[in-house]
Amino acid sequence: MTLHDDAVLVLKGYEGSEGAEGAEGAESSEGRLGLREQYLDHLAAHPDAMWKRCEAGHLTASALVVDPERGRVLLTLHRKLGMWLQMGGHCEPGDATLAAAALREATEESGVRGLALLPGGPLRLDRHPIPAPCNWHLDVQYAALAPPDAVAAISEESLDLRWFGYDEVAGVADASVVRLVAAARAALDG
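My aim in this report is to walk through the structure given alongside it, one point at a time. (Residues numbered from 1 in each chain as written. Predicted model: local features only at pLDDT ≥ 70, side-chain atom pairs only at ≥ 80, totals over all residues. Heavy atoms only, no water.)

### Examining the packing of aromatic side chains
Right, on to step 1. The final tally for this structure, using the stated rule, is one aromatic pair.
Right, on to step 2. Consider the rings of W84 and F164, whose centres lie 5.0 Å apart with planes at 75°: the pair is edge-to-face. Taken together, the residues W84 in strand β4 (residues 84-85) and F164 in strand β9 (residues 158-165) connect sequence positions 80 residues apart. Side by side, W84 and F164 carry an identical accessibility label, which is buried.
Right, on to step 3. Stacked on the ring of W136, the Lys or Arg R127 has its end atom at 3.7 Å from the ring centre. (Phe/Tyr/Trp six-rings, centres within 6.5 Å; stacked < 30°, edge-to-face > 60°. Helix = DSSP H or I, 4+ residues; strand = E, 2+ residues; numbered from the N terminus. Buried < 20%, exposed > 50% of the residue type's maximum accessible area, 1.4 Å probe, protein only. Lys NZ or Arg CZ within 6 Å of the ring centre and 35° of its normal.)

If you want it as structure tokens, here you go:
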């Protein structure tokens, strides 16, 4: 199975929540299914939709890292964007699945070894514009639990890396990260 095939299967089974283009995140089933369908249509129309070279937009994979006590999240101050974000980025040829891509990105960007994705698949979808030539990121967002002995280390892609309490996130990050934190908390409580 290719990464493209895996993405189609993941999205067909997806039942989480979504956000798009700075919207406040439609939480109705129509809103969730609408963005999921856009992702599936994009995959059907673009055989290269998993790769950065797809100028019409490409899927990315990210993961919000949650501390072992489940009271804080680890955010990265993205070097290029200057924003506090979850860990994530482009899929690579060695990624067998979207989940593997999200876990790889989270591990690389956080420096934390032994991360474990929360079960149940992705928590959110978030489509957002990026500078040309690529135009769009169609992000598939997971959450990962850090092990008790987690030690974070800043990567080359970050200006900073910091743990934030759930209630602190809205003061430093945009609405898409706030919604991802809420989805992670709900998944942890559920």
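### A word on the pattern of salt bridges
Right, on to step 1. If you walk through the whole model with that rule in mind, you get eight salt bridges.
Right, on to step 2. Its salt-bridge partner being E108, residue R104 comes within 3.3 Å of it at the nearest N-O pair. Here R104 pairs with E108, and both are found in helix α3 (residues 98-110), just four residues apart, close to one helical turn.
Right, on to step 3. Of the residues examined, R104 reaches a relative accessible area of 16% and is grouped as buried.
Right, on to step 4. Classification of E108 as partly exposed rests on a relative accessible area of 38%.
Right, on to step 5. A salt bridge links R124 to D126; the nearest nitrogen and oxygen atoms lie 3.8 Å apart.
Right, on to step 6. In this structure D126 comes out as buried when scored by relative accessible area, which is 5%.
Right, on to step 7. Taken together, the shared-partner salt bridges in this structure form one network comprising E92, D95, R104, E105 and E108. (Salt bridge = Lys/Arg side-chain N within 4 Å of Asp/Glu carboxyl O.)

### Looking at the nonpolar core
For soluble globular proteins, nonpolar side chains are generally found buried alongside one another.
Right, on to step 1. Counting residues in hydrophobic clusters, the biggest one holds 32 residues, and the most contacted among them are M50, L59 and L98.
Right, on to step 2. Secondary structure elements with two or more residues in this core: α1 (3-13), α2 (29-45), β2 (58-66), α3 and β8 (136-145).
Right, on to step 3. Setting aside residues up to four positions removed in sequence, M50 forms contacts with L3, H4, A7, L43, H58, L59, C91 and L98. (Core = buried A, V, L, I, M, F, W, Y, C linked by side-chain atoms within 4.5 Å. Contact = heavy atoms within 4.5 Å.)

### Focus: the side chain of D6
Right, on to step 1. Mapped onto the fold, D6 is located in helix α1.
Right, on to step 2. Engagement of the side chain of D6 in a polar contact is seen with the backbone nitrogen of L98, the distance being 2.8 Å.
Right, on to step 3. Ignoring anything within four residues of it in the chain, the contact list for D6 reads M1, A96, T97 and L98. (Polar contact = N/O pair within 3.5 Å; in protein donor to acceptor, adjacent residues only side chain to side chain.)

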